[in-house]
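# Architecture at a glance
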Amino acid sequence: MILIAALGGACGAHFNPAVTVGMLSTRRIGVGDACAYIAMQLVGAVLAVLLVKGLMNATGTAAHFGAPKVTTGQFLDGSAGKGLVVEAMGTFFLMWAIMGAAANPRGNRALAPFVIGATLGLAVMCIAPLTGAGLNPARAFGPALWGGFGPAGDWILAFVIGPVAGAVVAAHLYTAVVLARQPSEAKTTAVPSRDGEGRPVTGAAIATN
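Scope of this entry: the structure provided in the associated data block.

Rules used in this analysis
Residues numbered from 1 in each chain as written. Predicted model: local features only at pLDDT ≥ 70, side-chain atom pairs only at ≥ 80, totals over all residues. Heavy atoms only, no water. Helix = DSSP H or I, 4+ residues; strand = E, 2+ residues; numbered from the N terminus. Buried < 20%, exposed > 50% of the residue type's maximum accessible area, 1.4 Å probe, protein only. Contact = heavy atoms within 4.5 Å. Areas by Shrake-Rupley, 256 points an atom, 1.4 Å probe, with all protein chains shown as cover. Phe/Tyr/Trp six-rings, centres within 6.5 Å; stacked < 30°, edge-to-face > 60°. Patch = residues over 30% accessible without salt bridge, like charges linked within 9 Å, V, L, I, M, F, W, Y side chains within 5 Å. Salt bridge = Lys/Arg side-chain N within 4 Å of Asp/Glu carboxyl O. 1 Å grid on protein atoms, 1.4 Å probe; cavity = no way out; pocket = protein on both sides within 12 Å on 5 of 7 lines; lining within 4 Å. Points joined across faces, edges and corners; volume = space filled by probe spheres on them. Nonpolar A, V, L, I, M, F, W, Y, C, P; charged D, E, K, R; others polar. Expected span 1.5 Å × (residues − 1).

On to the overall build of the protein, then. For the protein, the helix and strand inventory stands at 7 helices and 4 strands. Helices and strands in the protein line up, N terminus first, as α-α-α-α-α-α-α-β-β-β-β. Looking at the protein as a whole, 34% of its 209 residues are labelled buried. Across the protein, the fraction of contacts at a sequence separation of at least 24, relative to all contacts at a separation of at least 6, is 64%. Accessible surface, the protein: about 11600 Å² in total, of which carbon and sulfur atoms supply 68%.

Structure below.
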């Protein structure tokens, strides 16, 4: 919540490649900016884990430095496919909250940090026992460098494709169901007009969408 409130006005507070891809898929961010965001998200994740590793030394290995894993045993049986579904579901709701609170022009922007942060917190509490609640390819990537990826294909399926798919589906579904149905509001903006001799004429206006 604090990060969104502090940096949302500067960079949109993505912090998550899945969210960035969701915004890119609905043309709310350009390809160049999206690539730069994702690169910095990955760099930030790696630097964060380096800091944790430096502070905690070897003690962090007991928790694999926070690397998410698809659980085995009584829950998901270590299935990457089930992990994909769980990660996609959690990221779907996160992206839906972002679309509703931040992307919707009628949304309450003042509440966006709370709405998005609370949604992420709830998703983590619900999903952490199943996959560790990655919900973010960068957040999964950084710790995995030291905590282990496991089978690369399974890791990509659960912690990259899952979150990205959930975010993209949420972004497009929200756009189709909510944003596309909102009436276009024309705003009348007064602009100076000029007569044939170039003199200003008062009272002229144009409609802009």
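It is worth spelling out the packing of aromatic side chains at this point. Within this structure, the stated rule accounts for 6 aromatic pairs. Summarising the aromatic geometry, the rings of phenylalanine 92 and phenylalanine 93 are spaced 5.5 Å apart at their centres and angled 90 degrees between planes, so their arrangement reads as edge-to-face. Measuring from centroid to centroid gives 5.7 Å for phenylalanine 92 and tryptophan 96, while their planes differ by 25 degrees, and the two rings are stacked. Of this pair, phenylalanine 92 and tryptophan 96 both sit in helix H4 (residues 80-103), separated by 4 residues, roughly a single helical turn. The exposure class assigned to phenylalanine 92 is buried, which follows from its relative accessible area of 18%. Taken together through their ring pairs, the aromatic side chains of Phe92, Phe93, Trp96 and Tyr174 make up a single cluster.

This part is about a nonpolar patch on the surface. Taken together, the side chains of Met40, Val43, Leu47, Leu50, Leu145 and Trp146 make up a nonpolar region of the molecular surface, amounting to roughly 550 Å² of accessible area. Counting residues per element, the ones that place at least two in the nonpolar patch are helix H3 (31-56) and helix H6 (137-147). Counting residues per element, the nonpolar patch draws most heavily on H3, which supplies 4 residues. In this structure, leucine 47 sits in helix H3. Taking the relative accessible area as the measure of exposure, leucine 47 reaches 52% and is therefore exposed.

Time to look at the layout of surface pockets. Each pocket or cavity is described by its volume, and for the largest pocket that value is around 920 Å³. Elements supplying a minimum of two residues to the lining of the largest pocket: helix H1 (2-11), helix H2 (17-25), H3, H4, helix H5 (112-131) and H6. Residue composition of the lining of the largest pocket, grouped by class: 26 nonpolar, 11 polar and 2 charged.

In this structure the tally under the stated criterion is 1 salt bridge. A salt bridge links lysine 82 to aspartate 77, with the nearest nitrogen and oxygen atoms 3.5 Å apart. Accessibility expressed as a relative area gives 51% for aspartate 77, which makes it exposed.

Here the focus is H3. Relative to the 38 Å expected for 26 residues at 1.5 Å per residue, H3 spans 38 Å between its end C-alpha atoms, a close match to the ideal helical length. Residues Ala34, Gln41, Ala45, Val46 and Val49 constitute the buried set of H3. Against H2 and H6 lie the buried residues of H3. Of the residues flanking the end of H3, it is asparagine 57, one or two places downstream, whose phi is positive at about 55 degrees.

Honestly, that's just the spatial picture; any functional story needs more than this.
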